[in-house]
Amino acid sequence: MPQGSSQRPQRPQHSRLPSSPHRVAVIVDEGTNPFEVGVATELFGLPRPELGLAGPLYEVLVCTPAREVRMNHGFFTLTGAHGLDAVDTADTLVVPGRPDNVVPRGAAVLDAIRRTHARGARVMSLCTGSFALAEAGLLDGRRATTHWMWADRFRTLHPRVRLEPDVLFVDDGDILTASGSAAALDLGLHVVRRDHGAEIANAVSRRLVFAAHRDGGQRQFVERPLPDVPDESLAPLLAWAQERLGEPLTVAELAGRAAVSPATLHRRFRAQLGTTPLAWLTGERVALACRLIERGEERLDVVAARCGLGTGANLRVRLRKETGLSPSAYRRRFGPAAGEAVMS
């Protein structure tokens, strides 16, 4: 989890909000892609009155190294943003991508990135923003990803980074990297889930009309050929399975429901979702377990049974693998009593 800045006290992160929201700074440099900037402001900057919370989830500051910054391809010029000194009060720093990723970033931008990480704040890049993190020296010896089109160039420029070019995003603790523009949404929702729990992340994804959860280990490039007749879309099967997560579903049963062989089902999951049927099913069950815990269910055996994970022991293993937390720690952070802990 990110540490608070030296100028602001560290704050616990709960689904019931503390009095001062988590501050996110977004660095917009010359030539930055507008889409990733939009992703950051949409995910972290908009008010969420539909959640019924006392305040915003985050506070967003857009920061630039100059008074006027031309966006990618000169689509427009950004003015009126904060200066780079605003990053010194941020709990999370977001670095969007830009297409001219072999052109060195300015010294002021790199210094802002370095000092933000040095004081313990969380740093995340979107798409080719990982080039800036690597150029600042943050990624040496660490896991990271970038857009698949630029993977070879990234390896040439930054050979000491443990690049994972085939995934959507990498969560390496205090540094997170997203592979592409759409994957920036996946990483952003992952961060909201990490900060505020599955219930709020799902609500944000519904407002975005975007998939609530795609695991970071899924492939960047997923083939989606035009379906033959009959329609081979997995959507009806996924909807059917999501209504029956508490039942002992198997891959064979899913294949039977789709009227295909398990091998064919496996190929369709890989082609359409970039994952396997079993991994998808397990992820959906863990997400349901998280929602049940957040809503106040304290009996692990009941949670495990309702979400199809079988036993409390299996629930503990799966939840820790997915969230890094034990069920009791997850309950303390995101359960109904979390707000009381914040206010006490």
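Each value, and the rule that gives it
- Residues numbered from 1 in each chain as written.
- Predicted model: local features only at pLDDT ≥ 70, side-chain atom pairs only at ≥ 80, totals over all residues.
- Heavy atoms only, no water.
- Pairing = 2+ DSSP bridges.
- Helix = DSSP H or I, 4+ residues; strand = E, 2+ residues; numbered from the N terminus.
- Axes fitted to C-alpha atoms, helices over the stretch in contact; angles between N-to-C directions.
- Parallel < 35°, antiparallel > 145°, perpendicular 65-115°, else oblique.
- Left-handed = near helix turned anticlockwise from the far one by under 90°.
- Contact = heavy atoms within 4.5 Å.
- Nonpolar A, V, L, I, M, F, W, Y, C, P; charged D, E, K, R; others polar.
- Core = buried A, V, L, I, M, F, W, Y, C linked by side-chain atoms within 4.5 Å.
- Buried < 20%, exposed > 50% of the residue type's maximum accessible area, 1.4 Å probe, protein only.
- Phe/Tyr/Trp six-rings, centres within 6.5 Å; stacked < 30°, edge-to-face > 60°.
- Expected span 1.5 Å × (residues − 1).
- Patch = residues over 30% accessible without salt bridge, like charges linked within 9 Å, V, L, I, M, F, W, Y side chains within 5 Å.
- Areas by Shrake-Rupley, 256 points an atom, 1.4 Å probe, with all protein chains shown as cover.
- Salt bridge = Lys/Arg side-chain N within 4 Å of Asp/Glu carboxyl O.
- Right-handed = clockwise from strand over helix to strand, strands pointing away.
- Arc of directions from axis to C-beta.

Draft legend 1. Summary view of the pairing of strand S2 (residues 58–63). Looking at chain direction, strand S1 (residues 22–27) and S2 are connected through 6 bridges and run parallel. Among the inter-strand pairings, Val24 is bridged to a residue of S2, identified as Val60.

Draft legend 2. Fine view of the packing of helix H7 (residues 235–242) against helix H8 (residues 251–258). At a minimum axis distance of 10 Å, the contact between H7 and H8 shows a crossing angle of 130 degrees. On the basis of their axis angle, the class for H7 and H8 is oblique. Crossing angle aside, the handedness with which H7 passes H8 is right-handed. On the side of H7, the interface is formed by Leu237, Trp240 and Ala241, while H8 contributes Glu253, Leu254, Arg257 and Ala258. In the contact of H7 with H8, the residues fall into 5 nonpolar, no polar and 2 charged.

Draft legend 3. Just the nonpolar core, in detail. Counting 32 residues, the largest nonpolar core has Leu237, Leu265, Phe269, Leu315 and Tyr330 as the members making the most contacts within it. Listed by contribution, the elements that provide at least two residues to this core are H7, H8, helix H9 (262–272), helix H10 (277–294), helix H11 (300–307), helix H12 (312–323) and helix H13 (327–334). It is H10 that contributes the most residues to this core, 8 residues altogether. Once residues lying within four places of it in the same chain are set aside, the contact partners of Leu315 are Ala289, Leu300, Val303, Ala304 and Leu309.

Draft legend 4. Highlighting the packing of aromatic side chains. Tallying each qualifying case throughout the model produces 4 aromatic pairs. Ring geometry for Phe131 against Phe154: centres 5.0 Å apart, planes inclined by 80 degrees, an arrangement best described as edge-to-face. Linking Phe131 in helix H3 (residues 129–135) with Phe154 in helix H4 (residues 151–157), this pair joins segments that are 23 residues apart in sequence. Residue classification places Phe131 among the buried positions, given a relative accessible area of 3%.

Draft legend 5. Layout of helix H5 (residues 181–196). Taking 1.5 Å per residue as the helical rise, H5 with its 16 residues ought to reach 22 Å, and the 23 Å between its terminal C-alpha atoms agrees with that figure. Here H5 lies mainly inside the structure; 14 of its 16 residues are buried. One or two positions beyond H5, positive phi appears at Gly197, with a value near 95 degrees.

Draft legend 6. Local environment of the sheet that holds strand S5 (residues 92–95). Ordered by their spatial adjacency, 6 strands build an open sheet running S2-S1-S5-S6-S10-S9, and the pairing between neighbours is mixed. Only two strands of the sheet have a single partner each, and these edge strands are S2 and strand S9 (169–171). Neighbour to neighbour, the strand axes of the sheet diverge by 15 degrees on average, direction disregarded. Relative to the sheet, helix H2 (residues 107–118) contacts S1, S5, strand S6 (122–125) and strand S10 (175–178), its axis offset from that of S5 by approximately 145 degrees. The sheet contacts of H5 involve S2, S6, S9 and S10, and relative to S10 the element is tilted by about 150 degrees.

Draft legend 7. Structural detail: a nonpolar patch on the surface. On the surface, a nonpolar cluster with roughly 240 Å² of combined accessible area is contributed by Val102, Val103 and Leu157. Mapped onto the secondary structure, Val102 falls in the loop between S5 and H2.

Draft legend 8. Highlighting the pairing of S1. Most of S1 sits out of view: 6 of its 6 residues are buried. Burial along S1 is two-sided: His22, Val24 and Val26 and Arg23, Ala25 and Ile27, pointing in opposite directions, are all buried. As for the winding sense of the linkage, the β-α-β connection from S1 through helix H1 (residues 34–45) to S2 is right-handed. Bridge analysis of S1 against S5 gives 3 bridges, and the strand direction is parallel. Bridging from a neighbouring strand, Val24 pairs with Thr92 of S5.

Draft legend 9. Local environment of the pattern of salt bridges. Per the counting criterion, the structure on display carries 18 salt bridges. For Arg295, the salt bridge identified is with Glu199, shortest N-O distance 3.1 Å. Of this pair, Arg295 sits in the loop between H10 and H11 while Glu199 sits in helix H6 (residues 198–208), and the two are 96 residues apart along the sequence. Judged by relative accessible area, Arg295 falls into the exposed class, the value being 54%. Note that Arg244 and Glu243 form a salt bridge whose closest N and O atoms lie 3.6 Å from each other. Given the relative accessible area of 66%, Glu243 is considered exposed.

Draft legend 10. Region of the structure containing H11. Residues of H11 that are buried: Leu300, Val303, Ala304 and Cys307. Projected onto a plane normal to the axis of H11, the buried residues spread over an arc of 95 degrees and lie on a single side. Looking at the packing, one finds that the buried side of H11 touches H10, H12 and H13. Gly308 lies just past H11 and shows a positive phi near 85 degrees.

Draft legend 11. Local environment of the environment of Gly83. The topology assignment puts Gly83 in the loop between strand S4 (77–79) and S5. On the basis of relative accessibility, which here comes to 29%, the residue Gly83 falls in the partly exposed class. Note: C-alpha distance between Gly83 and Thr64 (19 residues apart in sequence) is 5.4 Å. Apart from the residues within four sequence positions on either side, Gly83 is in contact with Cys63 and Thr64.

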